[in-house]
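Structure assessment
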Amino acid sequence: MTAPLLSTRGLSKSFGGLEAVRDVDFDLPEGQIRALIGPNGAGKSTFVGMICGRIPASRGDVRFAGRDITDLAAHRRIGLGMAYSFQITSIFARLSLHENVALAVRRALAQPHPAAVDQRVAAVLDRVGLAGRAYQTAGELSYGHQRLLEIAMGLGQTPRLFILDEPTQGLAESEVETFKALIRTLGGETTILLIEHNMRVVMETAEYITVLDGGRRLAEGTPAEIRADASVQRAYLGSGSP
Amino acid sequence: MSPPAGESPHWPAVGRTPRFRSPLLHAGIILGLIVIHFILPEYHNGNLARIMVLAVYAMGYNILFGYTGLLSLGHALFFAAGMYGLGLPMHLLGATPAPAFLGGLATALVVSAVIGFLALRTSGVAFMIVTLMFAQAGFLTVLLFGEYTRGDEGFVIQQAARQVAGIDLTDPSNRYFAALTLFGVCLLLIAWLVQTPFGRCLVAIRENEERARLLGYDVLAHKLGAVIISGTMSGAAGAAYALLFGYAGATFASVQYSILPLLWVLLGGAGTTIGPFIGTVFMFYLIDLASGVTSAYMLIAGLALVLLTIFAPQGLAGELRRRLMSWLP
């Protein structure tokens, strides 16, 4: 068996007296679409924050692409091939869509020649369906389009691991459908770690699911297994949406 | 193909507008300044030489404030580092202008690297205060070593010393073209810099620092680079000022000279290549004209500044970009 692209061992985070994440062991093989679910306050965002380096871990370690990245600064981790899409939309609101994506592309290309950057930006915007708006100011886009731009910036980085933090939050039903289709097409090219509240999105896109509860790893399995898991139902599914 | 009106009002639509427009604009300004020299009376030529040197200071300031979004209140330290880095060797050791100018640049570079390294541990208001304090310390240092710097009184660099390769820099026309050469080099340098991936990243940091970091950019290294480029260019202006106008004094290290480039850049348009020059010209002549009318000239200048801030909050070049020229770099 090949080594997983991403793995954590005993990863923990305490804020003062509160243990937000406790001893999580986690393995993500290359190419998989993995969902990370759990009730509010389960520690999902803290957990991925420690993976991409936004939040320093209190204990434990993170390995990515064969190396220990626990002590690496966020921008260095991104440089190794991670992309992180923010839960709360974080774009360059006063810049054009083109420049938003170009900033991502330039960092990822070894030789950021303007023509090569333009070409890649156009391809990425086309992929998320924003090609016609390349020279609009990002802040003027509708909320749904801003979420798509956020994804486009991640794609522009051509990541090996793409972390999506609640990408469908606040989207309309039709937009969620577009989004699901996009995730499925990405599956073949990159590894995806998807934090998601919308159970339908999770069940229809994820190949494998990890459930966090109270900062601990509660369960792991295929969508069907998770659906059938009694402890998960008690902790999460039973209390909320089916 | 030009972008449709109303798009990207805050930032030029790079990638769509023809790439020759920006070089054309900057070459045009430099050419205009050559032509105008032969038209203007001597009084205005003298003013313009001074303005161009001060505009270099403003352009240096703009790299940090306008493009990177870091508000420094201590740039007089860098201006003075260049001024004394050139002035003291000439005054005390009899150095010739060319190596002394390099000395001014090197002093400003080292000072800005050290200040940047220390001050960038802070951000926001703390950064403003830390830079202000460092500049005050620099000002007091100039006074403390009054034996050499002659403190407030300053020292004159004699006409005989201000000769480069047989060119007398005290001659008004030579002085004008020396100032224009420095101005032109710095303007083209900035026009080029802001189009490079480094320059675009500075803008990204200004707009959304956390996002820039999570696109993989080393934010601290870019900010440090911006402080060093900004400080060194400000030092070049300080060195040129001492060399061309033959005087170095502690006033140029005072807090007033930290505030002035901020005003010039705000008036002219922060984050535009031509804004600092426009702002410097505007304020220089505003004070010049107002002082001809009344002794309370700062009152008139102040009123004009307030009005401009209300009606053109993005500065003159910022308004130009918003209304007419969305491609303005």
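Residues numbered from 1 in each chain as written. Chains lettered and ligands numbered in written order. Predicted model: local features only at pLDDT ≥ 70, side-chain atom pairs only at ≥ 80, totals over all residues. Heavy atoms only, no water.

Quick notes on the overall build of chain B
Operational definition: Counting from the N terminus, the helices are DSSP H or I runs at least four residues long and the strands are E runs at least two residues long. Here the globule rule reads 2.2 Å times residues to the power 0.38, and the radius of gyration is calculated from C-alpha atoms. Relative accessibility thresholds used throughout: buried, under 20% of the residue-type maximum; exposed, over 50%; partly exposed, between the two (1.4 Å probe, protein chains only). By definition in these notes, contact holds between two residues if any of their heavy atoms fall within 4.5 Å. In these tables, accessible area is a Shrake-Rupley quantity obtained with a 1.4 Å probe, and a residue counts as shielded only by the protein chains included in the view. His is not counted, nor are the chain ends; Lys and Arg add positive charge and Asp and Glu add negative charge. By convention, the point assigned to a charge is CZ for Arg, NZ for Lys, CD for Glu and CG for Asp.
A tally of regular secondary structure across chain B gives 14 helices and 4 strands. By the compact-globule yardstick of 20 Å for 329 residues, chain B fits well, its C-alpha radius of gyration being 20 Å. Within chain B, the fraction of its 329 residues that count as buried is 53%. Sequence separation of at least 24 residues holds for 76% of the intrachain contacts in chain B that already meet a minimum separation of 6. Split by element, the accessible area of chain B, about 13,600 Å² in all, is 71% carbon and sulfur. The centroid of the 16 positive side-chain charges in chain B is displaced by 11 Å from the centroid of its 13 negative side-chain charges.

Observations regarding the overall build of chain A
On a plain count of helices and strands, chain A comes out with 9 helices and 10 strands. Relative to the 2.2 N^0.38 estimate, which gives 18 Å for 242 residues, the radius of gyration of chain A is 18 Å and therefore close to what a compact globule would have. Residues classed as buried in chain A amount to 52% of the 242 residues present. Restricting to contacts in chain A with at least 6 residues of sequence separation, those with at least 24 account for 65%. Taking the average location of the 26 positive side-chain charges in chain A and that of its 26 negative ones, the two points are 3 Å from each other.

Observations concerning the confidence of the model for chain A
Spelled out, the test is: pLDDT is a residue-level measure of predictor confidence that goes from 0 to 100.
Per-residue confidence for chain A gives a mean pLDDT of 90; residues scoring 70 or more make up 97%. Considering each helix and strand of chain A separately, the mean pLDDT is smallest for helix α9 (residues 230-237) of chain A, with a value of 76, and largest for strand β8 (residues 191-195) of chain A, with 95.

Here's the deal with the interface of chain A and chain B
For the record, the criterion: Accessible area that two parts lose when put together, evaluated with a 1.4 Å probe and summed over both, is termed the buried area. Every case where a carboxyl oxygen of Asp or Glu lies within 4 Å of a side-chain nitrogen of Lys or Arg is listed as a salt bridge. The term polar contact refers here to a pair of N or O atoms within 3.5 Å; inside protein, the definition further demands a hydrogen-donor-capable atom paired with an acceptor-capable atom, and it admits residues adjacent in sequence only when both atoms are side-chain atoms. Put simply, Ala, Val, Leu, Ile, Met, Phe, Trp, Tyr, Cys and Pro go in the nonpolar bin, Asp, Glu, Lys and Arg in the charged bin, and everything else, Gly too, in the polar bin.
With 30 residues of chain A at the interface, the matching set in chain B holds 27 residues. Roughly 2,600 Å² is buried in total at the junction of chain A and chain B, and carbon and sulfur atoms are behind 58% of that figure. Viewed at the interface, chain B and chain A are joined by 4 salt bridges. For the pair chain A and chain B, the interface holds 11 residue pairs in polar contact (both at pLDDT 80 or more). For the side of chain A that touches chain B, the elements supplying multiple residues, two or more each, are α2 (74-79), β6 (82-85), α3 (97-108), α4 (114-127) and α5 (143-156) of chain A. By residue number, the principal contributor to the side of chain A that touches chain B is α3 of chain A, which donates 6 residues. Broken down by class, the residue content of the side of chain A that touches chain B amounts to 14 nonpolar, 8 polar and 8 charged.

Describing the packing of aromatic side chains
Residues and elements named next belong to chain B. For clarity, the threshold we go by: The aromatic pairing rule takes the rings of Phe, Tyr and Trp, using the six-membered ring of Trp, and pairs them if the centres are within 6.5 Å, calling planes under 30 degrees apart stacked, those over 60 edge-to-face and the rest tilted. For a ring to carry a charge above it, either NZ of a lysine or CZ of an arginine must fall within 6 Å of the ring centroid while also lying within 35 degrees of the normal to the ring plane.
Under the defined criterion, the tally for this structure stands at 17 aromatic pairs over all chains. Aromatic pair Tyr61 and Phe65: ring centres 5.8 Å apart, planes at 40 degrees, arrangement tilted. Of this pair, Tyr61 and Phe65 both sit in helix α2 (residues 42-67), 4 residues apart, which is roughly one turn of the helix. Taken together, Tyr57, Phe79, Tyr241, Phe245, Tyr247, Phe252, Tyr257 and Trp264 form an aromatic cluster joined through their ring pairs. Looking at Arg50, its charged tip hangs above the ring of Phe245, at a distance of 4.3 Å from the centre. Above the plane of the ring of Phe117 lies Arg121, whose end atom (NZ or CZ) is 4.8 Å from the centre.

A word on the sheet that holds strand β4 (residues 59-64) of chain A
All names here are of chain A. This is how the line gets drawn: What makes two strands pair is DSSP finding at least two bridges between them.
Pairing within the open sheet is antiparallel, and its 4 strands lie in the order β2-β1-β4-β5. Lying at the two open borders of the sheet, with one neighbouring strand each, are β2 (18-28) and β5 (67-68). Sheet topology places β4 next to β5; 2 bridges connect them, and they run antiparallel. Within β5, the position partnered with Arg63 by the bridge is Asp68.

With respect to α5 of chain A
The cut-off we apply is this: Given a helix with a known number of residues, its expected span is that number minus one, times 1.5 Å.
Over its 14 residues, α5 of chain A runs 20 Å from end to end, which matches the ideal 20 Å to within 8%, given 1.5 Å per residue. Taken across its 14 residues, α5 of chain A has 12 buried, putting it largely inside the fold. Buried-residue contacts for α5 of chain A involve β6, α3, α4, β7 (161-165) and α6 (173-186) of chain A together with α9 (209-213) of chain B. Backbone geometry just after α5 of chain A places Thr158 of chain A at a positive phi near 40 degrees.

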